[in-house]
Each structure stands twice: as C-alpha cells, then as structure tokens.
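Chain by chain, the residues:
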Amino acid sequence: SRKEPLAQRIGSQVTRAMEEAAVALFVVDSREGPMPLDREVTSWLRRWGKPVLLVANKVDTERDSLAVHEFTALGLGPAYPVSALHGRGIGDLLDAVVEHLKPAESVPGTSGTGSESPDRCQAPSSRRALRVAIVGRPNVGKSSLLNRILGDERVLVDAEPGTTRDPVEARFSYRDRSYRFVDTPGIR
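Residues numbered from 1 in each chain as written. Predicted model: local features only at pLDDT ≥ 70, side-chain atom pairs only at ≥ 80, totals over all residues. Heavy atoms only, no water.

Visitor: Can you lay out helix H2 (residues 36-46) for me, pointing to particular residues and giving the numbers?
Guide: Among the residues of H2, Asp38, Val41, Thr42 and Leu45 are the ones counted as buried. End-on, the buried residues of H2 take up no more than an arc of 105°, which puts them together on one face. Away from the buried face of H2 by more than 90 degrees, exposed residues Pro36 and Glu40 are located. (Buried < 20%, exposed > 50% of the residue type's maximum accessible area, 1.4 Å probe, protein only. Helix = DSSP H or I, 4+ residues; strand = E, 2+ residues; numbered from the N terminus. Arc of directions from axis to C-beta.)

Visitor: Any chance you could break down the packing of aromatic side chains for me, citing the residues and the numbers?
Guide: Between two aromatic rings, the relevant description is the distance of the centres plus the angle of the planes. For the structure on display, the rule yields four aromatic pairs. Relative to tyrosine 174, the ring of phenylalanine 172 lies with its centre 6.3 Å away and its plane at 15°, an arrangement referred to as stacked. Their ring planes at 70° and their centres at 6.0 Å tell us that phenylalanine 172 and phenylalanine 181 sit as a pair that is edge-to-face. Relative accessible area serves as the criterion here: at 0%, phenylalanine 172 is assigned to the buried category. The class for phenylalanine 181 is buried, based on a relative accessible area of 1%. Each residue in the set Phe172, Tyr174, Tyr179 and Phe181 is aromatic and connected to the rest through ring pairs, giving one cluster. (Phe/Tyr/Trp six-rings, centres within 6.5 Å; stacked < 30°, edge-to-face > 60°.)

Visitor: So what's going on with the sheet that holds strand S1 (residues 23-29)? Which residues, and what values?
Guide: Pairing is mixed across the open sheet formed by six strands, whose spatial order is S3-S2-S1-S4-S6-S5. The open sheet has two edge strands with one neighbour each: strand S3 (80-81) and strand S5 (168-174). With four bridges connecting them, S1 and strand S4 (residues 130-135) associate as parallel partners. Looking at the pairing, valine 23 lines up with valine 132 of S4. H2 rests against S1, strand S2 (52-57) and S4 of the sheet, and its axis sits at about 175° to S1. (Pairing = 2+ DSSP bridges. Contact = heavy atoms within 4.5 Å. Axes fitted to C-alpha atoms, helices over the stretch in contact; angles between N-to-C directions.)

Visitor: Outline the packing of helix H4 (residues 90-100) against helix H5 (residues 142-150), supporting the account with residue identities and numerical values.
Guide: Interhelical geometry of H4 versus H5 gives an angle of 90° and a closest axis separation of 11 Å. For the element pair H4 / H5, the angle class is roughly perpendicular. When H4 is examined against H5, the residues Ile90, Leu93 and Leu94 are found in contact with a partner set consisting of Leu145, Arg148 and Ile149. (Parallel < 35°, antiparallel > 145°, perpendicular 65-115°, else oblique.)

Visitor: Can you lay out the side chain of arginine 131 for me, pointing to particular residues and giving the numbers?
Guide: Locating arginine 131 in the fold gives a position in strand S4. Here glutamate 20 takes part through its side chain, which lies 2.7 Å from a polar atom of the side chain of arginine 131. Of the polar contacts made by the side chain of arginine 131, one reaches the side chain of glutamate 169; its length is 3.0 Å. For arginine 131, the contacting residues outside a window of four places in its chain are Glu20, Ala21, Ala22, Val23, Glu169, Arg180 and Val182. (Polar contact = N/O pair within 3.5 Å; in protein donor to acceptor, adjacent residues only side chain to side chain.)

Visitor: How would you sum up the pairing of S5? Please name residues and give values.
Guide: Of the strand pairs in this sheet, S5 and strand S6 (residues 177-183) are connected by seven bridges, and their pairing is antiparallel. Residue pairing in the sheet places glutamate 169 in a bridge with valine 182 of S6. Adjacent in sequence and paired antiparallel, S5 and S6 are bridged by two residues, among which arginine 175 carries a positive phi angle near 50°.

Don't take any of this as a statement about function, it's just geometry.
Written as structure tokens, this is what we have:
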C-alpha cells in the first residue's frame, strides 16, 4: 500500500522479481568499487539459491576496467565488465545469461513475444520466456543496462537516484529464446 515507506515497497518489489527470476544480474558501479551495501545485497542474493551474474557497469575507459577485479571480493566470481553507455561487453553478458539458464521448457513463466529491435533480436521461440531480474544499488546503471540490451530507450534514465520507482518488465529475444528482463528499483 502507499502508506508503507518507500524502502519497504521497493524491497517487496525486488523480492517479487527474485521469486520469479531464473537468474539475477547484480549491477555494481565499477568506478566506486565494492560498497558495504553491495556486500549486503550479495548476502541477500545468495539466499535465493539462483544463479547471480555480477555486472560491473560504467567501464567506459581502460582506467575503469582496472578496478573491476576488486569485485571478486564479493564472492560471486569474476564480474562481467560492461559499459551500458557505450554498449561494451553487452554481447558477452547476454551469452553468459544464456549459459546460466535452464532449458526454457523447464522454467515456469509467461510466454514472451520478444522485442522487435533488429540488432540482437530474432523471432521469438515458442518456449516460455525466462525471467531475468536486474538488481543493485541506486544509480549503478540498471536501467541504462536494460535500455542497451533492448537497443531502445524503454526505461527513463536520469543522474538523480531513485528515477526507477516501480519494476519495469521488457520482453526480449536472443538466440531464438525469449526473456523477460525486470529492471528493479535501487536497493537502499
């Protein structure tokens, strides 16, 4: 309800996204390095028992890429360095998502229609869409990452933290498989 504090409502939305997700993309800001809240989110994500891919966003320069290794301290394996702004690393990230998911027929969910963006999208398969939750602190680039994956400005992006207040779902097809990406509000 609207009477609940915003942080509680966001927590409920992120929890729901994780309940329905087959995999989570945990987005962190490569320029800031691991923050205490990143460690808390890591612990919370581990409790779900679902695959988690660590995505170090804002790797826009060679200098930014040097700090990515610091995130191995979170214990989620190596981070996937990406630049949502410039589109670097997005293909490798999508390949990793495909590698970490069960066959689509065995995952419950709703069937997707796919995106019509010509870049990476193909005709959607008849299998059920797999859900991918995008989680992380505010302003690490979750919405920018989703926009880059979709090849479209589907989600409003702003430098001011808290632009995303409600989960945003978008359907996408990659390598003849349908996905439903859920961009969640920043975890505080």
